[in-house]
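Chain residues, written in single-letter form:
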Amino acid sequence: MKKCICIALALVLALAPALSFTAFASGTGPTNYTYTYNEWGVPVPSPDAYRVTAFIMGADLYLEGESVGHFFRPQDLAVYSNYVFVADTGNSRIVVIRANEDGTHEAVDVAYHAYYPDGTPTTFNRPYGVFVSSWPATRGEIWIADTYNQRILHVDRSWNILNEVLKPTDLTLLEEEMEFLPQKIVVDFSGRIFAQVMRVNRGLMEFSFDGEFVGYMGAPPVVVNIVEQFWRLVSTRAQRDRRILFVPVEYNNVHIDREGFLLVTTSSEEVDPVRRLNILGEDVMIRNGWWYPVGDLWFGDAAHIRGPSTFVAVTSLPNNSFVVFDSTRGRLFSYCSQGHLLYAWGGPGFREGFFQTPVALDSMGYTLFALDAATMAITRFDLTEYGELINLGLHYYHRGMYDESAAAWQEVLRLNGNFGMAYIGIARAYLRLGYYRQAMRYFRIQRDALNYGRAFSFYRREWVERNFWIFALAVGVLIVVPPVVKKAIAIRKELKEA
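All of the points below concern the structure found in this document. (Residues numbered from 1 in each chain as written. Predicted model: local features only at pLDDT ≥ 70, side-chain atom pairs only at ≥ 80, totals over all residues. Heavy atoms only, no water.)

**Some thoughts on the overall build of the chain**
A count of helical and extended segments in the chain gives nine helices and 29 strands. Across the 498 residues of the chain, 48% fall into the buried class. For the chain, the share of sequence-separated contacts (at least 6 apart) that also reach a separation of at least 24 residues comes to 48%. Only carbon and sulfur atoms are counted for the fraction: they give 57% of the accessible area of the chain, which is about 25,700 Å². (Helix = DSSP H or I, 4+ residues; strand = E, 2+ residues; numbered from the N terminus. Buried < 20%, exposed > 50% of the residue type's maximum accessible area, 1.4 Å probe, protein only. Contact = heavy atoms within 4.5 Å. Areas by Shrake-Rupley, 256 points an atom, 1.4 Å probe, with all protein chains shown as cover.)

See below:
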């Protein structure tokens, strides 16, 4: 009997890898390795917040019965309503994909050229960027960074040119020998165009709705350490000329959120890798998390992959959270509006949900579309139950529905008791509801001293207000009782003497 049990256990152990692989392949297992960082900066595994629901390749898309063919070095995508516009750079075309309600995708248009008002066609030349407006005044209109034609095209849905932005002629603002190579573009609610241009390190180039060059905005500040400042002070002119020049860094992507703020990314290690710019070009991103939004905190040199995360794309979600795309390790990092890391997933590789050369990212509601130039494919991610609850908690909080927010975060804790942001979410909701003592409890669990102090100050003030009658009574007693006692003693003394 004992021998039979040993043989059965050996068979189970031998078949375990195959069984786990079958479970994964059939879709019952996890599709991505998901994790977050706790307050000590230690990576903590978590349930998947997103799952892969589609892997879209150009050869699998059909238009009028024929395949549109493989994408070739695609560099950008833009989501509008239920359509995905792909800048298929190597093929010098724009491919429009419709996402159907049943989860399938089909090509609905392929454009190789646009048309001037007189009907003359003009061919795209390796377009690196595309943007489709969702603003009321320009809804559905398209802007194309026609990079190697050195222009930005503003077209309608029939690819008729509404405006053409060429290299600025104002040489006081632009070097004469510089090529105008726009890569990524966004447009705000007033029609202003913001372009990230290759080899321009002064920030984003801003154009009016009519295409007139306005200037640069949002250049990161140049930081020179005190040692370099000292050497520059004591060096000769020739020595200073030989030293490293400190110039602003170059952005590599730009996204505009639903409130009109610009989210920009850069690959430089000298400044914040993702910034949120207001209309003046000032960084207004909130960074209240335990760690700044920089991607991975721990990284080694496994598989010859070295260095910190390098953000190459960013997109925003309806609840004001945002997701950044890391090209170093092919990972996606989701942060709430306060800068707390919600979850990270993905990695380098060729399996679904992993990437080799990430280049673009956009969202359709909470659904994500991630573009990889190496695999020449789009990966679609949809929320799991766990991810839906997290985003519901954030959504309810921003809508002022604090009871519902706390309930959603409680459900998150049911699925993952190690998720620190859930404790913070419950505490913030209780703080807004006036349940200060409960808020203090949840802040203390996560060792959030700053917000614990805020909750304690509110609780102390509430306690004082609630128990004010005790202080009033005590003061009254201190004021009234001594004179009364003194008077009573005096009367008693007089009675005795009488």
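**A few points about the side chain of Asn278**
Looking at the element boundaries, Asn278 is found in the loop between strand E22 (274-277) and strand E23 (311-316). Look at Asn278 and you get buried, because its relative accessible area is 15%. Within polar-contact distance, the side chain of Asn278 engages the backbone nitrogen of Leu280 at 3.0 Å. Separated by 2.9 Å, the side chain of Asn278 and the backbone nitrogen of Glu282 make a polar contact. (Polar contact = N/O pair within 3.5 Å; in protein donor to acceptor, adjacent residues only side chain to side chain.)

**Thoughts on the side chain of Ser309**
If you trace the backbone, Ser309 turns up in the loop between E22 and E23. Here Asp296 takes part through its backbone nitrogen, which lies 3.0 Å from a polar atom of the side chain of Ser309. Separated by 3.4 Å, the side chains of Ser309 and Asp326 make a polar contact. What Ser309 contacts, discounting residues up to four positions off in sequence, is Val294, Gly295, Asp296, Asp326, Thr328, Arg329 and Phe333.

**Thoughts on a nonpolar patch on the surface**
A cluster of nonpolar side chains, Trp463, Val464, Phe468, Trp469, Ile470, Phe471, Leu473, Val477, Val481, Val485 and Ile489, forms an exposed patch at the surface whose accessible area comes to about 1,000 Å². Only helix H8 (449-466) and helix H9 (468-497) provide two or more residues apiece to the nonpolar patch. For the nonpolar patch, the element with the most residues is H9, which contributes nine residues. With respect to the helices and strands, Phe468 occurs in helix H9. On the basis of relative accessibility, which here comes to 52%, the residue Phe468 falls in the exposed class. (Patch = residues over 30% accessible without salt bridge, like charges linked within 9 Å, V, L, I, M, F, W, Y side chains within 5 Å. Salt bridge = Lys/Arg side-chain N within 4 Å of Asp/Glu carboxyl O.)

**Details of the packing of helix H4 (residues 385-398) against helix H5 (residues 402-415)**
Two elements in contact, H4 and H5, have axes separated by 8 Å at closest approach and are oriented at 155°. The orientation of H4 with respect to H5, classified from their angle, is roughly antiparallel. Relative to H5, H4 is oriented so that their crossing is left-handed. Of H5, the residues touching H4 (which contributes Glu385, Tyr386, Leu389, Ile390, Leu392, Gly393, Leu394, Tyr396 and Tyr397) are Tyr402, Glu404, Ser405, Ala408, Trp409, Glu411, Val412, Arg414 and Leu415. Taken together, the residues of the contact of H4 with H5 break down into twelve nonpolar, two polar and four charged. (Axes fitted to C-alpha atoms, helices over the stretch in contact; angles between N-to-C directions. Parallel < 35°, antiparallel > 145°, perpendicular 65-115°, else oblique. Left-handed = near helix turned anticlockwise from the far one by under 90°. Nonpolar A, V, L, I, M, F, W, Y, C, P; charged D, E, K, R; others polar.)

**Looking at the nonpolar core**
Core analysis: the biggest nonpolar cluster contains 46 residues, and Tyr50, Phe381, Trp409 and Phe419 have the highest contact counts within it. Top contributing element to this core by residue count: helix H6 (residues 420-433), with nine residues. Looking at which domains feed residues into this core, each of domain 2 (34-383) and domain 3 (402-466) supplies at least three. With 27 residues, the next largest nonpolar core counts Ala145, Ile185, Phe207 and Val254 among its residues. (Core = buried A, V, L, I, M, F, W, Y, C linked by side-chain atoms within 4.5 Å. Domains from an automatic or database assignment.)

**Re the sheet that holds strand E27 (residues 358-364)**
Read from one edge to the other, the open sheet built from four strands follows the order E3-E29-E28-E27, with strand pairing classed as antiparallel. At either margin of the open sheet sits one strand with a lone partner, and together these are strand E3 (50-57) and E27. Strand after strand, the sheet turns through a mean of 20° between neighbouring axes, direction not considered. Of the strand pairs in this sheet, strand E28 (residues 367-372) and strand E29 (residues 377-383) are connected by five bridges, and their pairing is antiparallel. Bridging from a neighbouring strand, Leu371 pairs with Ile378 of E29. (Pairing = 2+ DSSP bridges.)

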